Amino acid sequence: MPSITASILTLLVSSSVVLAVPAPVASSSAAPVSQISDGQPQAPYSTVVPVSQISDGQPQAPTAQASSSTPAQGSSSAPALATPASTVSASSPYSACGSDCICPYAAPYLHDLATANGKLYFGTATDQPGTGEDTDIIYQKILNNTHIFGQVTPANGMKGMNTEPELGVFNYTMGDVVVNIAQDHNKILRCHNLIWSTQQPEWLTSENYTWTRETLLPVMENHIKTIITHWADVCHAWDVVNEAFASNGSSSASPWLDIIGPDYLPLAFQYAHEAVQATGKDIDLYYNDYGIESPGNKTNAVYQLVRDLQAQGIQIAVGLEAHFTVLDPNTYANQAAVMSGLQDLGVTFALTELDVRFPTLPPNATYSYEAQAYRYWESVSACMQYSKCEGITVWDFEDKYSWIPETFEGQGEADLYNSDYSRKPAYYAVAEALQGQACTVCGDVSQYQTTDSDTCADPSGNCN
Ligand code: XIL
């Protein structure tokens, strides 16, 4: 933990401050970017359009090239935006953000920009309880600011291992933590996920159970219907099945596949569809996956799933996870091609888990913060072009809590905020993309542009 954060938290804890979350900061109290004091970065951040100047018109076509008149800032240094400890008051951390600092929860406001430009939300995953996020006051203050994040997804709390830990015994405690955040702060809730290959209940793979297709199907049906029904009033959308296709378009390995067979996938949607119909609610039912952000066999398999379910009158939407590396071939053009296909199929879709990690650390001239910003900009810009792309969710927003370092050894720094709560260029690139603007914080983007959709440009070979 950075020392500044540690000192803030120490100060707060030693002052016996109640860990209540202050109300979101109104835009009028935030320090305008133009008031950044000496020693803080000015250009290109000062080019971000204030919320007050946002047009309420339709999204403009993005310009895929950054303006050559707005060259990149030093290519490998993060903006130093941390608040000096002396300005932090014990009773209200960062509340004194004034002319000598940039509040990590000041404008530009991503959710406000998204909704002003035709999207339903800009949101984030959050991983509570048990990770430290729930006791991190500054994290909470950013998360709870609905101007920034108007939607939340529980990163783990609603997964099978937590919701049905014992066969037939349901537990909503973990999921309710994020349900409460959504309700307390007026955020849309995406519910994640019902059927997956991992993080499933122990009984699914336990030797104590001898599952057959006939015995497991009713259990899957009960799992899906019980959970959808329980949270029917709060879930805007459910990721019904997660990551069920391999890169060649065949079924990916899963206990559900092994025991039930490949039709576990459409059957899961049928059960979910029936559950939603019974509740009379309007809940989008998503198929959610990575590696479908560019055209290819896996994407074609998803298109076919959509067609099959549509032919059966079963509702489906598609989640593009969008876990990217800084240099990978999921270009604006490739993402737009996939989104165009989904739009033509008439399905709702979303960017559900966007993050852009560095394949090697620390960032350098090739894998720069500006290149990362461009990847974020491309993805959000593509979504802005399609009316059926309903919103964008980042997979948590602060590097300290990112899932990447644990999952991809040696990789990281994938989120919009550095672990000291300063914002990366990527944050401002997203703000620009949400307004249909060219990226002014991405530097000379020609050096990051990849055109070959079949080649993974990441030297680690890990493009998804
Ligand atoms: C990740 C969580 O963020 C981690 O905390 C957990 O250890 C593993 O799962 N695709 C998904 C998410 O659909 O559920 C995954 O979340 C990230 C990849």
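Every chain is numbered on its own, with residues counted from 1 as its sequence reads. Per-residue local features are limited, in this predicted model, to residues with pLDDT of at least 70; the limit for side-chain atom pairs, both in listing and counting, is 80 or more; totals at the level of whole chains, interfaces and linings are taken over all residues. Only hydrogens and water are removed before side-chain values are computed, so all heavy atoms of the structure are retained for them.

- The name given to the chain in an unreviewed UniProt entry is Beta-xylanase, and the organism recorded there is Lithohypha guttulata.

1. With respect to the packing of aromatic side chains
Line of reasoning, step 1. Note on ring pairs: Phe, Tyr and Trp rings are taken, using the six-membered ring of Trp, and paired if centres are within 6.5 Å. Classes follow the plane angle, with under 30 degrees stacked, over 60 edge-to-face and the rest tilted. Evaluation of the coordinates by the stated rule reveals 16 aromatic pairs.
Line of reasoning, step 2. Centre to centre, the rings of Trp231 and Trp238 are 6.4 Å apart; their planes meet at 35°, and the pair counts as tilted. The pair formed by Trp231 and Trp238 is uniform in burial state, with each residue classed as buried.
Line of reasoning, step 3. Taken together, a centroid distance of 5.4 Å and an interplanar angle of 75° make the contact between Phe358 and Tyr369 edge-to-face. Each residue's exposure class comes from its accessible area (1.4 Å probe, protein chains only) as a fraction of the maximum for that residue type: buried when under 20%, exposed when over 50%, partly exposed otherwise.

2. Section: the site of the ligand
Line of reasoning, step 1. Being near a molecule or strand, for a residue, comes down to having at least one heavy atom within 4 Å of it. Taken together, 14 residues form the shell around the ligand, and within it Asn156, Lys159, His192, Asn242 and Glu353 come nearest.
Line of reasoning, step 2. Between N or O atoms, a polar contact is any pair within 3.5 Å; within protein, one atom must be a potential hydrogen donor and the other a potential acceptor, and residues adjacent in sequence are included only when both atoms are from side chains. His192 places a side-chain nitrogen or oxygen 2.7 Å from an oxygen atom of the ligand.
Line of reasoning, step 3. Between the ligand and Glu321, the relevant distance is 3.3 Å, taken from a nitrogen atom to a side-chain nitrogen or oxygen of the residue.
Line of reasoning, step 4. Protein chains bury 83% of the 420 Å² of accessible surface belonging to the ligand in isolation.
Line of reasoning, step 5. Class assignment of the residues belonging to the shell around the ligand gives a composition of 3 nonpolar, 6 polar and 5 charged. What sets the accessible areas is the Shrake-Rupley method with a 1.4 Å probe; for residues, cover comes only from the shown protein chains. Each residue is assigned to one class: nonpolar for Ala, Val, Leu, Ile, Met, Phe, Trp, Tyr, Cys and Pro, charged for Asp, Glu, Lys and Arg, and polar for all the others, Gly among them.

3. Side note on the environment of Ala426
Line of reasoning, step 1. Assignment of secondary structure puts Ala426 in helix 14 (residues 425-434).
Line of reasoning, step 2. On the accessibility criterion, Ala426 (0% relative accessible area) is buried.
Line of reasoning, step 3. Counting along the chain gives 13 residues from Ala426 to Cys439, while the straight-line C-alpha distance between them is 9.7 Å. Numbering of helices and strands starts at the N terminus; helices are DSSP runs of H or I of at least 4 residues and strands are runs of E of at least 2.

4. As for the side chain of Glu353
Line of reasoning, step 1. In this structure, Glu353 sits in strand 8 (residues 349-357).
Line of reasoning, step 2. Look at Glu353: it is buried, it has no salt bridge, and the nearest opposite charge is Arg190 at 6.4 Å.
Line of reasoning, step 3. Looking at Glu353, its side chain comes within polar contact range of the side chain of Asn288, at 3.0 Å.
Line of reasoning, step 4. Non-local contacts of Glu353, meaning those with residues more than four positions away in its chain, are made with His192, Asn288, Leu320, Glu321, Ala322, His323, Thr393, Val394 and Trp395. Neither His nor the chain ends is counted toward charge; the positive residues are Lys and Arg and the negative residues Asp and Glu. Basic side-chain nitrogens of Lys or Arg form a salt bridge, by our definition, when they fall within 4 Å of a carboxyl oxygen of Asp or Glu. Any two residues whose heavy atoms approach within 4.5 Å are treated as being in contact.

5. Quick notes on the nonpolar core
Line of reasoning, step 1. Membership of the largest hydrophobic core comes to 119 residues, with the highest contact counts inside it found for Met220 and Trp238.
Line of reasoning, step 2. In terms of residues, this core owes the most to one element, helix 12 (residues 369-384), which gives 10 residues.
Line of reasoning, step 3. Filtering out sequence-adjacent residues up to four positions away, Met220 remains in contact with Ile195, Trp256, Ile260, Tyr264, Leu267, Ala268 and Tyr271.
Line of reasoning, step 4. Counting 5 residues, the second largest nonpolar core, distinct from the first, contains Tyr121, Ala237, Ala317 and Ala350. Nonpolar cores are built from buried Ala, Val, Leu, Ile, Met, Phe, Trp, Tyr and Cys residues. Side-chain atoms within 4.5 Å join them into one set.

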